[in-house]
Every structure is written in structure tokens, then in C-alpha cells.
Amino acid sequence: MALSEKPSRNSLIPSFLYSSTSTRTMAVEKMLQARPTAVSSDVEAFAPRKAVVVPSPTEPSKKIEMYSPAFYAACTAGGILSCGLTHMAVTPLDLVKCNMQIDPAKYKSISSGFGILLKEQGVKGFFRGWVPTLLGYSAQGACKFGFYEFFKKYYSDIAGPEYAAKYKTLIYLAGSASAEVIADVALCPFEAVKVRVQTQPGFARGLSDGLPKFVRSEGALGLYKGLVPLWGRQIPYTMMKFASFETIVENIYKYGIPTPKDQCSKSLQLGVSFAGGYVAGVFCAIVSHPADNLVSFLNNAKGATVGDAVKKLGWWGLFTRGLPLRIVMIGTLTGAQWGIYDAFKVFVGLPTTGGVAPPAATELAKV
């Protein structure tokens with residue numbers, strides 16, 4: 001019989017030598033259980049044969065299981081990248097904003113603020129305080145996104161499938177608020193040093209010399225003097241950031257895109273994440289701006305109180321001073337954060353955020 005008539009002998013290398021473990025075991029069992037067959041003649045067995053290309057070993061890719069420790073670790077890493085990098089990138093805008101809040105008589109507008117900083121401190125001055133910004137917001141992002149995913153699942157499980165679907169917005173709000181309480185504890189010391197470095201030229205060059213100097217001046221607890229105002233700024237901001245994002249993205253897929261999310265390309269999904277994040281960021285800036293003015297004032301003035309800030313800034317100034325710049329900054333920032341965060345999730349094999357019901361409600365839909 002010709003070799004071409006024996007498909008079982010197309011390869012000189014048995015398949016179990018380069019197949020996966022489970023396939024290898026089945027192949028061995030089949031060989032042991034197979035009945036003896038006639039052996040070809042020596043001439044046939046050693047006759048010249050055509051070269052056979054054996055495919056390289058391939059193992060099925062390991063996917064990260066949803067809501068597993070690996071899933072939360074990936075979300076934490078994505079949060080570090082999204083918050084740390086974006087906040088560092090907008091350091092010049094943040095620098096002008098803080099100075100407009102602290103000294104409005106000198107820094108009267110965005111354009112004049114950039115001009116004054118360029119004249120007095122040069123180009124390098126625009127990135128004053130970038131190290132505490134990078135480290136502080138990386139720590140905050142890790143807790144913000146990692147714990148949000150955790151609390152969203154936790155509260156969904158407590159509510160049960162029916163109520164998780166019915167009150168999903170409340171779950172988004174509760175999960176994001178809980179995450180931000182923890183995230184701000186990580187951010188607060190870095191934020192205190194950042195504001196002092198950015199608004200008091202000559203105080204310090206950055207974090208390495210600014211942190212010890214701050215502690216010597218006001219004690220270790222002084223680093224947390226602005227924690228309550230920081231909570232007042234960041235918790236409403238984050239609640240708006242996550243709840244509005246989830247709602248906006250859900251409605252984009254529901255009314256704006258005729259194709260179901262799981263059938264959309266990854267590039268389209270990331271575009272939706274950026275657009276939803278930008279719109280959510282505008283709402284975030286408006287809601288959290290009064291507290292942002294308080295944080296800047298308290299961290300700049302030694303021994304100052306909330307009453308002092310209100311007295312000096314006034315209620316109108318508290319809500320409006322530096323707001324246009326902050327809307328531009330936070331809108332861009334939040335859109336970029338969601339884009340980077342979901343891009344990282346896609347990179348590690350996870351779905352993008354939003355467009356689906358909370359975890360417990362998803363389980364109900366499968367039943």
C-alpha cells in the first residue's frame with residue numbers, strides 16, 4: 001500500500017509529543033488500547049518520504065476569570081496607569097488652576113496665568129510638583145478603580161439579581177463612593193505637598209525635599225489636614241464619574257449604536273469609553289469644584305479653616321473661581337482615564353467597562 005493511502009502516518013513525529021497535556025494523555029491511551037496491526041516491510045518503512053511540516057506547539061490562551069483576584073489585580077494596574085499618567089500630563093493646567101484659586105489678583109485668567117508662570121519660572125516651572133502628582137494619583141487610581149470593581153460586585157451580590165438590575169445606579173454610586181473613601185487616604189499626603197510646592201515658589205523643589213519640610217512644619221497629621229475637604233471634592237466627583245459614565249455608555253450602546261456591544265470592534269468600544277468619559281468629566285468638574293477650591297486654599301495657608309476660605313473667596317467665588325479651566329481639564333482627563341483604563345483591560349483580555357447590567361443582574365439574565 002502506498003504511503004499516500006495511510007493518513008495516520010502523515011507525520012514522523014507522534015502528535016502527543018507536541019499537543020497539549022490532555023490530548024497527549026488520550027493519544028497514549030489510544031496507543032495502548034489499539035490492536036496490533038500489520039507492520040509494513042522494511043523497504044516501505046524506510047523508503048524516502050516527503051518532508052512533513054509539524055505545527056509548533058500551541059496552548060489555549062489563559063483568560064482572566066471575571067471577579068477573580070487576577071481580575072481585581074488587572075483593574076488595579078489599569079487604574080494606576082489611567083490616573084497617574086493623565087494627572088501628570090495635565091500638571092501645567094493644574095498648576096495654573098491652583099494659582100488662580102490661591103492668588104486671583106495676580107493670576108486673573110488662564111492665558112495670563114501661563115504667561116506669568118513662564119516669565120517667572122520658565123518652561124520647567126510648568127511641571128513643578130509632577131512627582132507628587134504622579135505618585136499620589138497613581139495610588140489613588142489603584143484604589144479607585146480596583147475597589148470600585150470590588151464594591152460594585154459586592155453590593156450587587158447583597159442586593160440580589162432582581163434589585164441589582166432595578167437599582168443599578170444606586171449600586172454604581174455606592175460602589176464608587178466606598179472606593180473613593182479609601183483612595184483619598186492614599187492621595188491626601190501627596191496632594192498636600194503638591195499644592196504647597198506649586199503655589200509657594202521656593203518652598204521646595206518637589207516631593208523629596210517638600211515632604212520632610214512639610215512634616216517638620218505641620219507634623220505628620222498636617223498631611224491629612226485637607227482630608228475632609230478632599231473627601232468633599234473627590235467623593236461627589238467619583239460618584240458622578242462612575243455612575244454617569246456607566247449610564248452614558250449604556251445609552252450610547254442602546255440608542256446610538258445599532259450593533260450589540262459584544263459584536264462591536266474593540267476600537268469602537270474604546271471610542272465609546274472616551275466619549276462617555278469626557279461627558280462624565282464635565283459633570284464631575286461642576287459638582288466637585290467648590291471643594292476643590294477649599295482644598296487648594298487649606299493646603300496653601302497654614303492654620304486656615306473652612307470658614308476662612310469661605311470668608312475670603314465668597315460663595316460665588318467658591319463655586320466659580322477657576323471653573324472653566326477645570327471643566328476643560330477634568331473633561332479631557334476623565335475621557336483619557338476611561339480610554340486608558342479600558343484599553344488596558346482589553347490588552348489583558350477583559351471586556352470594556354459599561355454597557356451591561358451589574359454582575360448579579362447579568363446572572364439573572366442568564367437564568
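Looking at an unreviewed UniProt entry, one finds the chain named Mitochondrial substrate/solute carrier and attributed to Parasponia andersonii. Turning to the chain, the UniProt annotation filed under Sequence similarities (unreviewed entry) states: "Belongs to the mitochondrial carrier (TC 2.A.29) family."

A.B. asks: In this structure, what is going on with the overall build of the chain? I would like to understand it.
C.D. replies: Assigned secondary structure in the chain consists of 13 helices and 0 strands. In sequence order, the secondary structure elements of the chain are arranged as α-α-α-α-α-α-α-α-α-α-α-α-α. For the chain, the residues scored as buried account for 45% of the 367 residues in total. Here the analysis covers contacts within the chain between residues at least 6 apart in sequence; of these, 78% occur between residues at least 24 apart. About 19,000 Å² of surface is accessible on the chain, with carbon and sulfur atoms providing 67% of the total.

A.B. asks: In this structure, what is going on with the pattern of salt bridges? I would like to understand it.
C.D. replies: Pairs may arise between side chains of opposite charge once their charged atoms sit close together. In total, this model carries 17 salt bridges according to the counting rule given. We note a salt bridge from Glu250 to Lys168, for which the minimum N-O separation is 2.5 Å. With Glu250 in helix α9 (residues 227-256) and Lys168 in helix α7 (residues 168-199), this pair connects stretches of sequence that are 82 residues apart. Arg233 is the partner of Glu191 in a salt bridge, and the nearest nitrogen-oxygen pair spans 3.4 Å. With Glu191 in helix α7 and Arg233 in helix α9, the pair connects residues that are 42 residues apart, well separated along the chain. We note that Glu191, like Arg233, is buried.

A.B. asks: Before we go on, may I ask you to explain the packing of helix α4 (residues 91-102) against α7 in this structure?
C.D. replies: Running from N to C, α4 and α7 cross one another at 75 degrees; their axes reach a closest spacing of 9 Å. By the angle class used here, α4 and α7 are roughly perpendicular. Contact residues: α4 offers Thr91, Asp94, Leu95, Cys98, Asn99 and Ile102, while α7 offers Lys194, Gln198 and Thr199. Across the contact of α4 with α7, the residue classes break down as 3 nonpolar, 4 polar and 2 charged.

A.B. asks: Explain the packing of aromatic side chains to me, please; I cannot follow it from the model alone.
C.D. replies: For any pair of aromatic rings, the description consists of the separation of the ring centres together with the inter-plane angle of the planes. All told, the structure shown has 19 aromatic pairs when counted by the stated rule. Taking the centre distance of 5.9 Å and the plane angle of 75 degrees together, the rings of Trp338 and Tyr341 count as edge-to-face. Remark: Tyr341 and Trp338 occur in helix α12 (residues 323-347); sequence separation between them is 3 residues, near one turn of the helix. Above the ring of Tyr67, the side-chain terminus of Lys153 is found at 5.5 Å from the ring centroid. Its guanidinium or amino end placed over the ring of Phe203, Arg196 lies 5.5 Å from that ring's centre, counting from NZ or CZ.

A.B. asks: Can you help me understand empty space enclosed by the protein in this one?
C.D. replies: To locate leftover empty space, one rolls a probe as large as a water molecule over the atoms. Within the structure shown, the criterion is met by 1 cavity of 30 Å³ or more. Within this model, the largest cavity holds a volume of roughly 170 Å³. Lining the largest cavity are 16 residues, and of these His87, Tyr137, Arg233, Met329 and Ile330 lie nearest its centre. Where the lining of the largest cavity is concerned, the elements lending two or more residues are α4, α6 (130-166), α7, α9 and α12. For the lining of the largest cavity, the two domains that each supply at least three residues are domain 1 (63-224) and domain 2 (240-352).

A.B. asks: Would you explain the nonpolar core in this entry?
C.D. replies: Most often, soluble globular proteins keep nonpolar side chains buried together rather than apart. In terms of nonpolar packing, the biggest core is built from 24 residues, with Phe145, Tyr253 and Trp338 touching the most fellow members. Contributions of two or more residues to this core are made by α3 (69-89), α6, α7, α9, α10 (266-300) and α12. Residue-level mapping places this core at the junction of two domains, with at least three residues from each of domain 1 (63-224) and domain 2 (240-352). For Tyr253, the residues in contact, after removing those within four places along its chain, are Lys261, Cys264, Gln269, Val272 and Gly355.

A.B. asks: Can you walk me through the environment of Val287 in this structure?
C.D. replies: Here Val287 is to be found in helix α10. Expressed as a C-alpha distance, the spacing of Val287 and Phe319, which sit 32 residues apart in the sequence, is 9.2 Å. Setting aside chain neighbours within four positions, we find Val287 in contact with Pro236 and Met240.

A.B. asks: Quick question: what am I supposed to make of a nonpolar patch on the surface here?
C.D. replies: On the surface, a cluster of nonpolar side chains totalling about 510 Å² of accessible area is made up of Phe147, Phe150, Tyr154, Ile158, Val181 and Ile182. Those elements giving two or more residues to the nonpolar patch turn out to be α6 and α7. Counting residues per element, the nonpolar patch draws most heavily on α6, at 4 residues. Residue position: Phe150 is located in helix α6. Judged by its relative accessible area of 35%, Phe150 is partly exposed.

A.B. asks: Before we go on, may I ask you to explain the environment of Pro189 in this structure?
C.D. replies: Counting through the fold element by element, Pro189 comes out in helix α7. Each C-alpha atom of the pair Pro189 and Gly226 lies 8.8 Å from the other, and the pair is 37 residues apart in sequence. Beyond its immediate chain neighbours, meaning those up to four positions away, Pro189 contacts Leu223 and Tyr224.

Basis of the calculations
- Residues numbered from 1 in each chain as written.
- Predicted model: local features only at pLDDT ≥ 70, side-chain atom pairs only at ≥ 80, totals over all residues.
- Heavy atoms only, no water.
- UniProt positions renumbered as here; feature names shortened; annotations may be inferred.
- Helix = DSSP H or I, 4+ residues; strand = E, 2+ residues; numbered from the N terminus.
- Buried < 20%, exposed > 50% of the residue type's maximum accessible area, 1.4 Å probe, protein only.
- Contact = heavy atoms within 4.5 Å.
- Areas by Shrake-Rupley, 256 points an atom, 1.4 Å probe, with all protein chains shown as cover.
- Salt bridge = Lys/Arg side-chain N within 4 Å of Asp/Glu carboxyl O.
- Axes fitted to C-alpha atoms, helices over the stretch in contact; angles between N-to-C directions.
- Parallel < 35°, antiparallel > 145°, perpendicular 65-115°, else oblique.
- Nonpolar A, V, L, I, M, F, W, Y, C, P; charged D, E, K, R; others polar.
- Phe/Tyr/Trp six-rings, centres within 6.5 Å; stacked < 30°, edge-to-face > 60°.
- Lys NZ or Arg CZ within 6 Å of the ring centre and 35° of its normal.
- 1 Å grid on protein atoms, 1.4 Å probe; cavity = no way out; pocket = protein on both sides within 12 Å on 5 of 7 lines; lining within 4 Å.
- Points joined across faces, edges and corners; volume = space filled by probe spheres on them.
- Domains from an automatic or database assignment.
- Core = buried A, V, L, I, M, F, W, Y, C linked by side-chain atoms within 4.5 Å.
- Patch = residues over 30% accessible without salt bridge, like charges linked within 9 Å, V, L, I, M, F, W, Y side chains within 5 Å.

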